[in-house]
Amino acid sequence: YLQNLTTAEKESGNPYPVQKFNFRLLPALKISLNDISFFVDNTSGRLHTPLAHLKSELRQFISYEGETLVSIDIVNSQPFFATALLDDTLFINNGMDISYNSYLGSPPYNPIMVVDLIKSKKECNDVRCFNEIVRNGTFYEEFAQLISNNELSEQEILEKRSEVKKIVFSAFFSPNQSISYNEELRVFKKTFPNVYDIFSHFKRVDHTILAKMLQRLESQTILHKVCKRISLENPNVPIFTIHDSIVTTSNNVEFVNKVFSDVLKENLGYSPEFEIKEWK
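Residues numbered from 1 in each chain as written. Predicted model: local features only at pLDDT ≥ 70, side-chain atom pairs only at ≥ 80, totals over all residues. Heavy atoms only, no water.

J.: I keep staring at empty space enclosed by the protein and nothing clicks. Help me out?
T.: To find leftover empty space, a probe the size of one water molecule is rolled over the atoms. Using the criterion set out here, one finds 1 cavity of 30 Å³ or more in the structure. Looking at the lining of the largest cavity element by element, the count peaks at 3 residues for helix 13 (residues 209–233). Tallied by class, residues from the lining of the largest cavity come to 2 nonpolar, 3 polar and 2 charged. (1 Å grid on protein atoms, 1.4 Å probe; cavity = no way out; pocket = protein on both sides within 12 Å on 5 of 7 lines; lining within 4 Å. Points joined across faces, edges and corners; volume = space filled by probe spheres on them. Helix = DSSP H or I, 4+ residues; strand = E, 2+ residues; numbered from the N terminus. Nonpolar A, V, L, I, M, F, W, Y, C, P; charged D, E, K, R; others polar.)

J.: What exactly am I supposed to notice about the packing of aromatic side chains here?
T.: The way to describe two aromatic rings as a pair is by their centre distance and the angle between their planes. The full count for this structure, using the stated rule, is 21 aromatic pairs. For the ring pair Phe-80 and Phe-81, a centre distance of 5.1 Å and an interplane angle of 65 degrees mean the geometry is edge-to-face. Across the pair, Phe-81 and Phe-80 agree in class, each one buried. Geometrically, the ring pair formed by Phe-169 and Phe-173 is edge-to-face, given 5.4 Å between the ring centres and 80 degrees between the ring planes. Separated by 4 residues within a single helix, Phe-169 and Phe-173 lie in helix 10 (residues 154–173), roughly one turn from each other. Taking the relative accessible area as the measure of exposure, Phe-173 reaches 30% and is therefore partly exposed. One aromatic cluster in this structure is built from Phe-130, Phe-139, Tyr-140, Phe-143, Phe-169, Phe-172, Phe-173, Phe-188, Phe-192 and Phe-199. Looking at Lys-165, its charged tip hangs above the ring of Tyr-140, at a distance of 5.4 Å from the centre. (Phe/Tyr/Trp six-rings, centres within 6.5 Å; stacked < 30°, edge-to-face > 60°. Buried < 20%, exposed > 50% of the residue type's maximum accessible area, 1.4 Å probe, protein only. Lys NZ or Arg CZ within 6 Å of the ring centre and 35° of its normal.)

J.: Before we go on, may I ask you to explain the pattern of salt bridges in this structure?
T.: Two side chains with opposite charge may pair up if their charged atoms get near one another. In the structure shown here, the tally under the stated rule is 14 salt bridges. Close ionic contact of Asp-73 with Lys-277 constitutes a salt bridge, the shortest N to O distance being 3.4 Å. Of this pair, Asp-73 sits in strand 4 (residues 67–74) while Lys-277 sits in strand 7 (residues 274–278), and the two are 204 residues apart along the sequence. Taking the relative accessible area as the measure of exposure, Asp-73 reaches 14% and is therefore buried. Taking relative accessible area as the criterion, Lys-277 reaches 34% and is therefore assigned partly exposed. (Salt bridge = Lys/Arg side-chain N within 4 Å of Asp/Glu carboxyl O.)

J.: Would you explain unusual backbone geometry in this entry?
T.: One can expect most non-glycine residues to show negative phi and most peptide bonds to be in trans. Phi angles above zero are rare outside glycine, and Asn-76 is one such case at about 55 degrees. The topology assignment puts Asn-76 in the loop between strand 4 and helix 4 (77–82). For Asn-76, a relative accessible area of 5% gives the class buried. If you check the backbone angles, His-243 has positive phi at about 60 degrees while not being a glycine. In this fold, His-243 is placed in the loop between strand 5 (240–242) and strand 6 (245–249).

The structure is reproduced here in structure tokens:
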């Protein structure tokens, strides 16, 4: 598969096809050689494994003891975890005040200031709208309609989805100063002004802090809460993580999905929509 892909990339003039081939091959070789090396990212707390680094198109070639693997993914994952920044109770209960302080370093920030900011804005119409469309599991689609005055057809929504994701990711990852030239950031601010104010507060010292906080919340929730409960309740169930996704065998999907849903509801206030995909 990789050789065919490399050949196609050479023919299309894609730069560095051999380097890309080797980069994609390495995690596959590690899996085939039973190399279980892994590390945890100190910044985000994410678990990195050969399976997590495997090119997604190669998952069709992976099974576990002859059984088909299935991934359980959170729909709208980044916006879903971002809802914890928009509610002061969720913010504190998930330890995000402590996380934020650790990323800012010394001297420590005033934790009351950010909690009061969140509390003052959580009932604003745009914040409530943001939370609602995230919970519907159709965040990007409904956001596309919002910025298009509900005039899009279903096909047009699909075509606009990648553009909308770019707008949202700009809100999460771009420096606040870039709003002067970043059209995506201005669109997000116009649609969700109070959400933008909260996000920009976290990025005011270092624009990478917001992304780090969301990834830290994701890893803490999935690795240390969801996977822990699965292992305690049924230690024989094979589970693997790919950041915000949990992978198991097809006959364990129902159990894993239920625990996944229950733990997220307990910690973030509601259960999100999930996308379940067989690796074939």
